Amino acid sequence: MSGEGGIEDIELLRRMLARERSAREQAETLLENKSRDLYAALSRLQGMVGELDTARRQAERHSAAKGLFLADLSHELRTPLNAVIGYAEMIAEDARGDQVIEDARRIMVAGRGLLALINNVLDYSKAESGKLELALQPVEVPAVMEESIAIAVPMVMENRSVVHTKVEPGLGTVTSDPVRLRQVLLNLLSNAAKHTMGGMITVQASRLGVDGYRIEVVDTGRGMDRSQLDRLFEPFQPVRREEDLRFASTGLGMSITRQIVLMLGGRIAVQSVVGQGTTVTVDLPIDGPVQRRSA
Ligand SMILES: Nc1ncnc2c1ncn2[C@@H]1O[C@H](COP(=O)(O)OP(=O)(O)O)[C@@H](O)[C@H]1O
Ligand SMILES: [Mg+2]
């Protein structure tokens, strides 16, 4: 009895062992296949990462080349243009006939406009490639405001408008780049001057919280509608087609202005009502931009 039972038990055990072995073998094969799949996926992924890296490096090279090209082009354009403007000035000074003087003036005005556009393109390409450098130092905001206004006054007067400033007492000294800050103000002031006829332009500065200050350029000019505002900061997108050559633009002014404001650690906002005017608000940190730590 026990003998019979023993044989059956052994048979059962043998079958169980065999089943277990085949199950294990199946699992091993499955595992092997899975890890082979995984390995293949991994090397595909590595290949893709490599390709992406190559593409990125290529894009960076292209972008750098584009920036360099723009910088070179701007320089090559500026040199002859300065000669054109210079000779037109000489002609205007020496000429006797009214018509000749008038024509020479036209050349000067158009030439200066073109020069300003080229400078904008150069600044834009520099800012875009992160090559616009800041020279941070203590800055008296009211002084920068006065300097910018002095440059913009002829444009303001040409449209029979007036400009004045409001500075909150005790604004104090801030850390900024005076050249770039003036460029921001000048861009905003020239926009205000161009698009305000017989109106008022106000530049005001005040403290903003404990560590900020606000500069606003307010005009009572023709304003912009929603769709114009939406395109305002887009590069190479003039908000409206200008008939007047003096107003002809690349639509770069506000994109550069925003880039500079961001670099200075601030932000810029625009409010506008058609037929009533525009307010541009620039908020900046008193201590300048937070210095980026080297990674
Ligand atoms: N203060 C403003 N009032 C009315 N329109 C403005 C004002 N500022 C800008 N714009 C409009 O936005 C456009 C883009 O301005 P900007 O980027 O400075 O370029 P640009 O001055 O070179 O034309 C201007 O051409 C103008 O049509
Ligand atoms: Mg402008």
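Residues numbered from 1 in each chain as written. Chains lettered and ligands numbered in written order. Predicted model: local features only at pLDDT ≥ 70, side-chain atom pairs only at ≥ 80, totals over all residues.

Visitor: Account for the overall build of the protein, naming residues and giving values.
Guide: Tallying secondary structure elements over the protein gives 6 helices and 7 strands in all. Mapped in sequence order, the helices and strands of the protein form the string α-α-β-α-β-β-α-β-β-α-α-β-β. Taken against the 2.2 N^0.38 rule, which gives 19 Å for 295 residues, the C-alpha radius of gyration of the protein at 34 Å runs more than 25% over that of a compact globule. Counting only C-alpha atoms and orienting by the principal axes, one finds that the protein spans roughly 135 × 45 × 40 Å. The 295 residues of the protein split such that 22% are buried. If you take every contact in the protein between residues at least 6 apart in sequence, the share linking residues at least 24 apart comes to 69%. (Helix = DSSP H or I, 4+ residues; strand = E, 2+ residues; numbered from the N terminus. Rg over C-alpha atoms; globule rule 2.2 N^0.38 Å. Buried ≥ 20, exposed ≤ 12 C-beta atoms within 10 Å, placed from the backbone. Contact = placed C-beta atoms within 7 Å.)

Visitor: Describe the nonpolar core, with residues and values.
Guide: In terms of nonpolar packing, the biggest core is built from 34 residues, with Ala 152, Leu 185, Leu 188, Leu 189 and Ala 193 touching the most fellow members. Secondary-structure elements contributing two or more residues to this core are helix 2 (98-128), helix 3 (141-158), helix 4 (178-194), strand 4 (200-208), strand 5 (212-219), helix 6 (253-263) and strand 7 (277-285). No other element matches the 8 residues that helix 4 contributes to this core. Each of domain 1 (1-132) and domain 2 (137-285) gives at least three residues to this core. The contacts of Leu 185, once residues within four sequence positions are left out, are Val 144, Met 145 and Ser 148. (Core = buried A, V, L, I, M, F, W, Y, C linked by C-beta atoms within 7 Å. Domains from an automatic or database assignment.)

Visitor: Report on the domain arrangement of the protein, specifying residues and quantitative values.
Guide: Annotation of the protein at the domain level lists domain 1 (1-132) and domain 2 (137-285). Taken over C-alpha atoms, the centre of domain 1 sits 34 Å from the centre of domain 2. The partner domain 2 presents 12 residues to the 10 residues of domain 1 that form the contact. Residues that form the side of domain 1 that touches domain 2 fall into these classes: 7 nonpolar, 2 polar and 1 charged. (Nonpolar A, V, L, I, M, F, W, Y, C, P; charged D, E, K, R; others polar.)

Visitor: I'd love a proper account of the sheet that holds strand 2 (residues 162-167), names of residues and values included.
Guide: Strand order in this open sheet of 5 strands is 2-4-5-7-6, and the pairing throughout is mixed. Each edge of the open sheet carries a strand with a single partner, namely strand 2 and strand 6 (267-273). Shown here is a sheet whose adjacent strand axes are inclined to one another by a mean of 15°, direction ignored. Inspection of the sheet shows strand 2 paired to strand 4 by 6 bridges, in the parallel sense. By the bridge assignment, Thr 165 is partnered in strand 4 with Val 203. (Pairing = 2+ DSSP bridges. Axes fitted to C-alpha atoms, helices over the stretch in contact; angles between N-to-C directions.)

Visitor: A description of helix 2 should follow, citing residues and the corresponding values.
Guide: Taking 1.5 Å per residue, 31 residues should reach 45 Å; helix 2 reaches 45 Å between its end C-alpha atoms and fits that length. For helix 2, the complete set of buried residues consists of Asn 120, Val 121, Leu 122, Asp 123, Tyr 124, Ser 125 and Ala 127. Gly 130 lies just past helix 2 and shows a positive phi near 70°. (Expected span 1.5 Å × (residues − 1).)

Visitor: Please set out the packing of helix 4 against helix 6 residue by residue, giving values where relevant.
Guide: Where helix 4 contacts helix 6, the axes come no closer than 10 Å and their chain directions differ by 150°. For the crossing formed where helix 4 meets helix 6, the hand is left-handed. Contact residues: helix 4 offers Arg 180, Gln 183, Val 184, Asn 187, Leu 188 and Asn 191, while helix 6 offers Gly 253, Ile 256, Thr 257, Ile 260 and Val 261. (Left-handed = near helix turned anticlockwise from the far one by under 90°.)

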